[in-house]
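Listed below are the residues making up each chain.
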Amino acid sequence: MAKNEEETLRPHQIEDDEDEDEDDDLHGWDDWNEQDEEEEGEGEGEEGSDSIFLCLFCDSTCTDIHALFAHCISTHHFDFQSIRKALSLDFYASFKLINYVRSQVAKNRCWSCGLTCQSNLELRNHLHETVSLEEVKPLWDSDQYLKPFLQDDSLLYSFGEDEEDEDDHTAEKEELMTHVKNFEDICIDNESRDTYDQYGKEDVASISGNLLSVGSSSGKSAVNGLTSGEPERDTNDKSLRAYFPNRAAKDVKIVNEDYFGSYSSFGIHREMLSDKVRMDAYRQAILENPSLFNGAVVMDVGCGTGILSLFSARARASRVIAVEASKKMAAVATQIAKDNGFFRTKTPTNGTSQITGVVEIVQCMVEDLDKRIPIEPHTVDVLLSEWMGYCLLYESMLSSVLYARDKWLKPGGAILPDTATIIVAGFGKGGTSLPFWDNIYGFNMSSVGKELVENAAQMPIVDIIEGHDIVTSSAILKSFDLVTMRPDEVDFTASVELEPNLCSAESNSSDLEFKTNWCYGAVLWFETGFTSRFCKEMPAILSTSPYTPNTHWSQTILTFREPIAIASGKSNLDRLAAVGSDGCPAVRINLRISIVRASQHRSIDISMETAGVGPDGRKRSWPVQLFNLQ
């Protein structure tokens, strides 16, 4: 969870000398709410004895596979068994065919002729018998279709059960499952995926090729195995299904348990509570907007120690539902609410129950909230959360916040913060370790610095960049409106144009216009807004900009493979020199950046394509760089 107190700070990223003492301090919280934990375990691993088969083209389901295939023939002109027989498809090819057809339907595209329709209804009206099976067979002859397109697709493992050579198919299935386990669920297009696999993560920064193709809605649908904006149809754990990409529920659960467990250290919460920028923004948004909170029902998603819930109680909210998935932190938040007189309890009085206090702590993921307490849909006035992670989206719990928004927030209710923006700029030599290694007690160790910069181009770095080390203009990479955004909008591609920053520290020459600087990479930061849409008395902004006081989020640094010379102009331009060199500094740097959810739950993949534009209009492009933030 990345939040209220559940930030994107991992224990191994924080030097916390108090950890050993905290282990003893936390031991007393282990027995909290044991009954709830037992309830969580009930039903795990239980599966229905009867398989449910989902139609390839519509929402129809059958418990008998023969009935499903009959439905596909009569309704959708798709005779699976006849196609298998006509093309002599073995188990592997048949397996691919099912995944291929599902992938095309998710894009509203005809599996046989390739026509793209405007809706699933239009597609179903368009479906027709295939004119030439031999011509369409190569379309699904790719190993990418060995990966199940839908989670827990019963059809994939049942279509050959009635055949005489079932023993052979069983062996094929077992071998296939071995291959499938080796596939990563990475959110990049097929061409980039092939390149990625060929070179490996260590060398991927030097690859030239296409960027992540998540800019189109069809790309998103193919990645997630859904039609745009729709939840997954089924997983073993339905509480996890609605706002997570198409991953195994078991894998999601394991990552979540590790993630929530990582916040058992009080040192992490001390770090977050000591972040003055963070705390002041939320305190102002809550306490300085009495018309919003007075008498309101508030939901705090990922409450941590419960600080935002306590602010809300102090702002005279009538009820605060504080949801916390970490068992230990839920117990801590409960004790803190009690110690401050805000804990919500029912006291028997004259044969009736009288409610006292405001804050109630519920230990669960917000997706499971209605299993723990009685709560009617759309009854929350204010949805509150501090969900942001590094680079805004890393390890963040934004999907959980949007789930809570859609299920429990009243129409017209407030969500805080209500906007989020990712911003990018170019940084200079001062943003690297090079200056340190240039002079060590009078000795030149710059070779070490150069090697470190080369290594930095292989991975994103979370660190502080000072404002005076920014050497280009800044640009908005992506803006989110949390009131209206869809969960799949967190996967995006955006292009920006950066120009030389004449006010940077390295631009101190008397001839500022023609001063050459070196840009060593791109730095990302974010801002979240508590705008006047809801905070009418006192709007607030939480900024992690290099130009504002530092926060525990720092900034996210993406280092170029080689620095790029930039200047607004140059009188002695060398027209034979490469764009971005000292002889021909670039007047603009164009970046195309994609950020998508990675195969590992709560991690993100970032791609960056860089191009420089010279004063004479010439362009130079550098190989695409891929980064994984995990």
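Scroll up to find the structure.
Residues numbered from 1 in each chain as written. Predicted model: local features only at pLDDT ≥ 70, side-chain atom pairs only at ≥ 80, totals over all residues. Heavy atoms only, no water.

Draft legend 1. Just the overall build of the protein, in detail. Summing up its helical and strand segments, the protein has 20 helices and 19 strands in all. Sorting the 630 residues of the protein into buried and exposed places 52% on the buried side. Long-range pairs, those at least 24 residues apart, make up 71% of the contacts in the protein with a sequence separation of at least 6. Surface exposure of the protein reaches about 28500 Å², of which carbon and sulfur atoms provide 47%. (Helix = DSSP H or I, 4+ residues; strand = E, 2+ residues; numbered from the N terminus. Buried < 20%, exposed > 50% of the residue type's maximum accessible area, 1.4 Å probe, protein only. Contact = heavy atoms within 4.5 Å. Areas by Shrake-Rupley, 256 points an atom, 1.4 Å probe, with all protein chains shown as cover.)

Draft legend 2. Structural view of the pattern of salt bridges. According to the stated counting rule, one finds 21 salt bridges in the structure shown. Between Arg319 and Glu360 there is a salt bridge, and its shortest N-O distance comes to 2.4 Å. A residue pair is termed long-range when its members are at least 10 positions apart, and Arg319 in strand S4 (residues 319-324) and Glu360 in strand S7 (residues 359-363) qualify at 41 residues. Residue Glu360 is classed as buried on the basis of its relative accessible area, which comes to 13%. For the salt bridge of Asp488 with Arg486, the shortest nitrogen-to-oxygen distance reads 3.2 Å. Classification of Asp488 by relative accessible area gives buried; the value is 7%. Taken together, the shared-partner salt bridges connect Arg319, Arg344 and Glu360 into one network. (Salt bridge = Lys/Arg side-chain N within 4 Å of Asp/Glu carboxyl O.)

Draft legend 3. Spatial organisation of helix H20 (residues 446-456). For H20, every residue scored as buried is listed here: Ser446, Gly449, Val453 and Ala456. What you see down the axis of H20 is that its buried residues fit within an arc of 75°, all on one side. The exposed set on the far side of H20, more than 90 degrees from its buried face, consists of Ser447 and Glu454. Against the buried residues of H20 lie helix H19 (434-438), strand S11 (461-463), strand S16 (555-566) and strand S19 (619-629). (Arc of directions from axis to C-beta.)

Draft legend 4. Fine view of the packing of helix H13 (residues 276-287) against helix H15 (residues 307-314). Across the interface, H13 lies against H15 with an axial gap of 9 Å and an inter-helix angle of 30°. Taken together, H13 and H15 sit at an angle that is classed as roughly parallel. Considering only the axes of H13 and H15, their crossing is right-handed. Along the contact surface, H13 presents Met279, Tyr282, Arg283, Ile286 and Leu287, while H15 presents Ile307, Leu308, Phe311, Ser312 and Arg314. Partitioned by chemical class, the residues of the contact of H13 with H15 number seven nonpolar, one polar and two charged. (Axes fitted to C-alpha atoms, helices over the stretch in contact; angles between N-to-C directions. Parallel < 35°, antiparallel > 145°, perpendicular 65-115°, else oblique. Left-handed = near helix turned anticlockwise from the far one by under 90°. Nonpolar A, V, L, I, M, F, W, Y, C, P; charged D, E, K, R; others polar.)

Draft legend 5. Up close: the packing of helix H4 (residues 80-87) against helix H5 (residues 91-106). Look at H4 against H5: their axes get within 11 Å of each other, and the N-to-C directions meet at 135°. Considering their axes alone, H4 and H5 lie oblique with respect to each other. Every pair of crossing elements has a handedness; the one defined by H4 and H5 is right-handed. Of the residues in H5, those in contact with Phe80, Ile83 and Arg84 of H4 are Phe91, Ser94, Leu97 and Ile98. Of the residues assigned to the contact of H4 with H5, the class counts are five nonpolar, one polar and one charged.

Draft legend 6. Spotlight on a nonpolar patch on the surface. A cluster of nonpolar side chains, Tyr441, Phe443, Met445, Val448 and Leu452, forms an exposed patch at the surface whose accessible area comes to about 550 Å². By the secondary structure assignment, Phe443 is in the loop between H19 and H20. Given a relative accessible area of 57%, Phe443 falls into the exposed group. (Patch = residues over 30% accessible without salt bridge, like charges linked within 9 Å, V, L, I, M, F, W, Y side chains within 5 Å.)

Draft legend 7. Local environment of unusual backbone geometry. Across the junction of Leu416 and Pro417, the peptide omega takes the value -5°, indicating a cis bond. For Asn108, which is not a glycine, the phi torsion comes out positive at approximately 60°. Along the chain, Asn108 turns up in the loop between H5 and helix H6 (120-126). One non-glycine residue, Arg316, lies in the positive phi region at around 75°. On the basis of relative accessibility, which here comes to 63%, the residue Arg316 falls in the exposed class.

Draft legend 8. Quick look at the sheet that holds strand S13 (residues 492-498). Taken in spatial order, the four strands line up as S13-S17-S18-S19 in an open sheet, and their pairing is antiparallel. Edge strands, defined here as strands with exactly one partner in the open sheet, are S13 and S19. In this sheet, adjacent strand axes meet at a mean angle of 15° when their direction is disregarded. As paired elements, strand S18 (residues 604-613) and S19 share nine bridges and run antiparallel to each other. The residue of S19 that forms the bridge with Gly612 is Arg620. (Pairing = 2+ DSSP bridges.)

Draft legend 9. Region of the structure containing the sheet that holds strand S3 (residues 297-301). Pairing is parallel across the open sheet formed by five strands, whose spatial order is S7-S4-S3-S8-S9. Looking at which strands have only one partner, the edges of the open sheet turn out to be S7 and strand S9 (409-416). Neighbour-to-neighbour, the strand axes of the sheet open up by a mean angle of 20°, direction not taken into account. As defined by bridge partners, S3 adjoins S4 across five bridges and the pair is classed as parallel. Bridging across to S4, Val298 finds its partner in Val320. Set on the sheet, helix H16 (residues 327-339) makes contact with S4 and S7; between it and S7 the angle comes to about 170°.

Draft legend 10. Focus on the nonpolar core. Residues Met299, Leu369, Leu393, Leu477, Leu591 and Ile595 are the most contacted members of the largest nonpolar core, which totals 101 residues. Each of domain 2 (266-384) and domain 3 (419-504 + 513-629) contributes no fewer than three residues to this core. Dropping the residues within four chain positions of it, Leu591 is found in contact with Val424, Ala494, Ser495, Val496, Leu498, Ala522, Phe560, Met608, Glu609 and Thr610. Listed in part, the 36 residues of the second largest apolar core include Leu87, Phe91, Phe95 and Val101. (Core = buried A, V, L, I, M, F, W, Y, C linked by side-chain atoms within 4.5 Å. Domains from an automatic or database assignment.)

Draft legend 11. View of the side chain of Thr556. Its place among the elements puts Thr556 in strand S16. By relative accessible area, Thr556 is classed as buried at 1%. Reaching out from Thr556, the side chain makes a polar contact with the backbone nitrogen of Cys391 at a distance of 3.3 Å. Residues within four places of Thr556 in sequence aside, it is in contact with Tyr390, Cys391, Pro460, Ile461, Val462, Ala522, Val523 and Leu524. (Polar contact = N/O pair within 3.5 Å; in protein donor to acceptor, adjacent residues only side chain to side chain.)

Draft legend 12. A look at the environment of Trp437. Looking at the secondary structure, you find Trp437 in helix H19. A sequence separation of twelve residues divides Trp437 from Gly449, and the C-alpha atoms of the two residues are 5.6 Å apart. Apart from residues lying up to four places away in sequence, Trp437 is in contact with Phe443, Asn444, Met445, Ser446, Val448, Gly449 and Leu452.

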